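# An overview of the molecular structure
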Amino acid sequence: MEKLVITAAVNGAEVTRDQTPYVPITPEEIAAAALEAAKAGASIIHVHGRRADGSATQDKEVYREIIERIQEKSDVIVQVSTGGAVGMTASERGDVISLRPEMATLSTGTVNFGDGVFLNSMDMMVDFATRMKEFGVRPEIEVFDVGMIANAMSLVKMGLLKEPLHVDLVLGVPGAIPGEISHLMHMVSSLPKGSTWTAAGVGRSQLPIAVAAMLLGGHVRVGLEDNIYYSKGRLAQSNAELVERVVRLATELGREIATPSEARRIVSI
Ligand code: KMH
Ligand code: ZN
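Procedures and definitions
Residues numbered from 1 in each chain as written. Chains lettered and ligands numbered in written order. Predicted model: local features only at pLDDT ≥ 70, side-chain atom pairs only at ≥ 80, totals over all residues. Heavy atoms only, no water. UniProt positions renumbered as here; feature names shortened; annotations may be inferred. Salt bridge = Lys/Arg side-chain N within 4 Å of Asp/Glu carboxyl O. Helix = DSSP H or I, 4+ residues; strand = E, 2+ residues; numbered from the N terminus. Buried < 20%, exposed > 50% of the residue type's maximum accessible area, 1.4 Å probe, protein only. pLDDT = per-residue confidence, 0-100. Pairing = 2+ DSSP bridges. Right-handed = clockwise from strand over helix to strand, strands pointing away. Axes fitted to C-alpha atoms, helices over the stretch in contact; angles between N-to-C directions. Left-handed = near helix turned anticlockwise from the far one by under 90°. Contact = heavy atoms within 4.5 Å. Nonpolar A, V, L, I, M, F, W, Y, C, P; charged D, E, K, R; others polar. Arc of directions from axis to C-beta. Core = buried A, V, L, I, M, F, W, Y, C linked by side-chain atoms within 4.5 Å. Donors = N, O, S within 2.8 Å, 3.2 Å for Na, K, Ca; no water.

Per an unreviewed UniProt entry, the protein is named 3-keto-5-aminohexanoate cleavage enzyme, and its organism is Sulfoacidibacillus ferrooxidans. Of the comments in the UniProt record for the protein, the one headed Cofactor (unreviewed entry) reads "Zn(2+)".

Shown next, in the form of structure tokens:
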């Protein structure tokens, strides 16, 4: 089996300091969390911009500082979010693409997201994919439900996405596909041939989905964006702690851990 690419989704847009004191907010904190996660075995770091008060922002300058601080000390792949937070406009969300990050997320469909709606119309997808192509940014396709795979294929047919796709299968968002292994298997079998894929289980599904993904030959995303607990009632003390557990499990299961340069080859950067 291919070496395991671990993505650490270190902060997200929604997790608050009231929920966990361990979520990184400032560029300095985000970079520190990223470097710690990279040292633990993550080869991709998925980041969201935050203002000093903790609110989500897609401000390019915030992302620029995060990327620079991480790249100063590590060759880990930095993947920026174009999802931002529910309610943000498309132009707000997509501005960060012009920074030419190595990788960016591209959500290929609209979905309920807790009490909100995470809007991704075909126009928005076309716009983001066009800009990623123009700026040489490798998209990671974010799939929150199975129909989004078909939308990604429409973008391939339009010539905006190049195969093989690299897809993040996100399970367990309230309102989207539940965090069940049977759903993961269905989504994996629905991917176009040759795709690489990562799985991210939200909340309590993070650990079982990660283990299932490793067994099925996929890659794994963990981190405080998706899940703030290490175990029932016990907060994860850091992103690195969640990565370290995946590394231990992978080692037991016979999956070696990919370095950032191996990850670049695996996800076709
Ligand atoms: N914050 C979510 C609404 C992404 O990063 O591209 C969307 C999200 C996806 O987190
Ligand atoms: Zn995200």
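And the narrative resumes.
### Quick notes on the pattern of salt bridges
A full pass over the atoms with the stated rule returns 13 salt bridges. Between E142 and R221 there is a salt bridge whose closest N-O contact spans 3.7 Å. Of this pair, E142 sits in strand β9 (residues 138-143) while R221 sits in strand β12 (residues 219-222), placing them 79 residues apart in sequence. Judged by relative accessible area, which is 4%, E142 ranks as buried.

### Focus on the confidence of the model for the protein
Of the residues in the protein, 100% reach a pLDDT of 70 or more, and the chain-wide mean stands at 98. For this predicted complex, the interface confidence reaches an ipTM of 0.99, while the overall pTM sits at 0.99.

### Concerning the pairing of strand β10 (residues 166-171)
Along β10, six of the six residues are buried, which leaves the element largely enclosed by surrounding structure. Here β10 shows two buried faces, one formed by H166, D168 and V170 and the other by V167, L169 and L171. Pairing between β9 and β10: three bridges, direction parallel. Of the residues in β10, the one forming a bridge with V143 is L169. Each parallel crossover has a hand, and the one from β9 via helix α5 (residues 147-157) to β10 is right-handed. The sheet contact formed by β10 and strand β11 (residues 196-201) spans six bridges and is parallel. Each bridged residue has a counterpart across the sheet, and for H166 the counterpart in β11 is T196. Between the parallel pair β10 and β11, the chain is carried across by helix α6 (residues 181-190), and the sense of this crossover is right-handed.

### Quick notes on the packing of helix α1 (residues 27-40) against helix α2 (residues 60-73)
Where α1 contacts α2, the axes come no closer than 9 Å and their chain directions differ by 35°. Relative to α2, α1 is oriented so that their crossing is right-handed. Contacts between α1 and α2 involve P27, E28, I30, A31, A34 and L35 from the first element and V62, E65, I66, R69, I70 and K73 from the second. Class assignment of the residues belonging to the contact of α1 with α2 gives a composition of eight nonpolar, no polar and four charged.

### Here's the deal with α5
Turning to α5, its buried residues number three or more, namely M148, I149, A152, L155 and V156. Along the axis of α5, the buried residues cluster in a sector spanning 110°; they form a single face. In this structure, the buried side of α5 is in contact with β6 (103-107), β7 (111-113), α4 (122-135), β9 and α6. At the exit of α5 stands G159, carrying a positive phi of roughly 85°.

### Here we look at the nonpolar core
Within the largest apolar cluster, 75 residues are counted, with the highest numbers of intra-cluster contacts made by I45, V47, L161, L169 and V243. Ignoring any residue separated from it by four or fewer positions in sequence, one finds L169 in contact with V143, L184, M187, V188, L191, W197, T198, A199 and A200.

### Some details on the coordination of the zinc ion (ligand 2)
Donor atoms from the polypeptide that coordinate the zinc ion (ligand 2) comprise H46 (NE2), H48 (NE2) and E225 (OE), at 2.1 to 2.2 Å from the metal. Read from N- to C-terminus, the donor residues coordinating the zinc ion (ligand 2) fall into the pattern H-x1-H-x176-E. Highlighted residues: H46 in strand β2 (residues 44-47) and E225 in the loop between β12 and β13 (229-231), separated in sequence by 179 residues. A single burial state applies to H46 and to E225, both of which are buried.

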